[in-house]
Amino acid sequence: MFWQMVSVEQKKLTNRKILWIELALAAATAVFIPLMLYLASQSTSSNVVINGPVEDMIAWPLALRLGIDLLSGSGLGGLLIVILVGTLTAQEYGWRTMQLWLSNGISRPVLMLAKFTAVLLPALLFVLAAFVAGAISTGLITQSLQGSLPAAEVAWGQALLSVLRTAYTLLPYAALTFLLAVVSRSTVVAVGGGLAYTLLIEGVLMQLLGFVGGIWADIAQYLPAGLSNSLATLNRVTAVANPTVPADGLSAGTAVLGIALYTILFVGLAVFAFRRQDLGG
Amino acid sequence: MNNIILQTDDLSKNFGAVTAVQAINLRVQQGEVFGFLGPNGAGKTTTIGMVLGLIHPSAGRITLFGQPVTPHHNGALKQVGSLVGAPSLLPYLTAQQNLQLVAKLHDGVENGRIQEILELVGLTNAAERKVQGFSTGMKQRLGLGAALLHRPALIILDEPTNGLDPAGMREVRTLIRQLADDGITVFLSSHLLHEVEQVCDRIAVIRQGKIVAQGAVDELLNQSGQSVRLKVRNPAQAGELLAQLPAADVVTNGAYVQVSGVESETAVAHLTQNGVIPSEVTVQKSDLESLFLELTK
């Protein structure tokens, strides 16, 4: 029954306009940023010189990371997943479709877990859409700048792993918003609370803890954004390992485990709250 | 004894200090149309919510098809179809897509069944239209269709004719009787008393969270008694005579005297023995509306 419910949730999801709008937004952003940089460099009045780091940013192979990095949990990816999960989950209380599934004999934990499992697909699709759109646009830019595509320098397997890692970092934000939607039954509270945490509270908290230093700065690394950052340092699109990995960062295993624990905690609390809810009227 | 498929034992629900449902005991027998009546706020929807595993009971027990039902143990609901309040539908999907989703929750609902249901509820021509553009009546029909899709053994309907025009209401009443004839048990909550009187075999009346009457419609109406209306030359004199009878409740109205609490034969015999001959005698049976008003006043 779990997979039947996941299938129902996926069907509902793919029929929502908001999913396709957000996917288009993720792709458009990955096209827009390198394109603007490129156009600025082509302008005769521009002071932007296309060489060194700027060229690396918009030309293959390193430009392939652009779309992936844009969709991080503390960036556009977090924003998109919070809006999607908050809207999808809370609206169903208004439409009373939760009641429909439950009164057809679906158990509450199965319904909740199926709903959250269905969110895994858009998390992956957002990053994938940005990666593919960014790859196409920067590919054209690279062709224009260098006259050829250095496709042989791209480690496609590593690029795909980077897409998966980034999608994985979206899960705590999705789970937190899911919890807020279940507890509040309100789209405004779920999306507002999720965005406030993702875009404001977590950033401020990390800055403050870093400023205080010592053990507090270490604690900051264990917030979802800190864990995401640790995992993001492993992202690469070439065979060469990322030289920017900080020596004092968390290990990949710790980051993966930390993100999993946040996700399980938030989803677990959502299931617990949902099991206790009265859904009359 | 008939097979009881839905049973509640001392079912109660408190919302904080407010008692919405108090120790109610319902017995719904297989194949019957069971009416659940009560004024607004009497606890009907809360009771149905508990039966459907949507609301946690504060006390008591619900048994469906011999299995206990709670929000944490709702497997028995797979044999139940329900339409409670406004239908639970996804507005951005078409009528057919909504039914397809519900079909996925049950084994053995073939594609042909969806077409059959769309036809049954008169929405074949609107199958490909998104529900957000539907009228209230169309949504109600689709909700009813979704409830019937998996051929449930029990169907729970809360105000199923809301938003329907008179022809639609009659179709739903006919459908309910047809379901019962096919062996499907129907639990019908409605404020339309003539609707309940026409289709229900047995009823329960709830007032302020308590069941105040439960039984076969005819039995309850008979218990509630009948009144006798007599046309006489001198209503005042006839009224005085009838008032002498034990348990008689007499009302005079123009040329008529209405008496309840006594049999028509007793009333006529008493008047004629005293020289008053009625020119017209009508026995008026109590209807569900008067019974309802009496029980819930």
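Just so it is clear, the model here is predicted, and its values are computed rather than measured.

Draft legend 1. Seen up close, the interface of chain A and chain B. Between chain A and chain B, the contact holds 24 residues from the first and 26 residues from the second. Those elements that provide at least two residues to the side of chain A that touches chain B are helix H1 (2-14) and helix H6 (97-102) of chain A. The class makeup of the residues in the side of chain A that touches chain B is six nonpolar, eleven polar and seven charged.

Draft legend 2. The arrangement of the sheet that holds strand S15 (residues 280-285) of chain B in detail. All names here are of chain B. Read across the open sheet, the four strands follow the order S13-S14-S12-S15; overall the sheet is antiparallel. The open sheet has two edge strands, strand S13 (249-253) and S15, and neither has a second partner. Each strand of the sheet is rotated relative to its neighbour by a mean of 20°, with strand direction disregarded. Alignment of strand S12 (residues 226-231) against strand S14 (residues 256-260), held across five bridges, turns out to be antiparallel. If you follow valine 228 over to S14, its bridge partner there is valine 259.

Draft legend 3. Expanded view of helix H8 (residues 235-243) of chain B. Residues and elements named next belong to chain B. Every buried residue of H8 is listed here: Ala238, Gly239, Leu241 and Leu242. Projection of H8 onto a plane perpendicular to its axis shows the buried side chains occupying an angular sector of 165°, all on one side. Away from its buried face by more than 90 degrees, H8 exposes Ala236 and Ala243. Elements in contact with the buried residues of H8: S12, S13, S14 and helix H9 (264-273).

Draft legend 4. Molecular detail of the environment of tryptophan 101 of chain A. Residue and element names in this part refer to chain A. On the secondary structure map, tryptophan 101 appears in helix H6. Overall, tryptophan 101 belongs to the buried group, with 23 C-beta atoms counted inside 10 Å. The spacing of tryptophan 101 and glycine 73 is 28 residues in sequence and 31 Å in space, taken between C-alpha atoms.

Draft legend 5. Focus on the domain arrangement of chain B. Split into domains, chain B comes out as domain 1 (4-221) and domain 2 (225-286). Summarising the inter-unit geometry, the C-alpha centres of domain 1 of chain B and domain 2 of chain B are found 44 Å apart.

Conventions used here
- Residues numbered from 1 in each chain as written.
- Chains lettered and ligands numbered in written order.
- Predicted model: local features only at pLDDT ≥ 70, side-chain atom pairs only at ≥ 80, totals over all residues.
- Contact = placed C-beta atoms within 7 Å.
- Helix = DSSP H or I, 4+ residues; strand = E, 2+ residues; numbered from the N terminus.
- Nonpolar A, V, L, I, M, F, W, Y, C, P; charged D, E, K, R; others polar.
- Pairing = 2+ DSSP bridges.
- Axes fitted to C-alpha atoms, helices over the stretch in contact; angles between N-to-C directions.
- Buried ≥ 20, exposed ≤ 12 C-beta atoms within 10 Å, placed from the backbone.
- Arc of directions from axis to C-beta.
- Domains from an automatic or database assignment.

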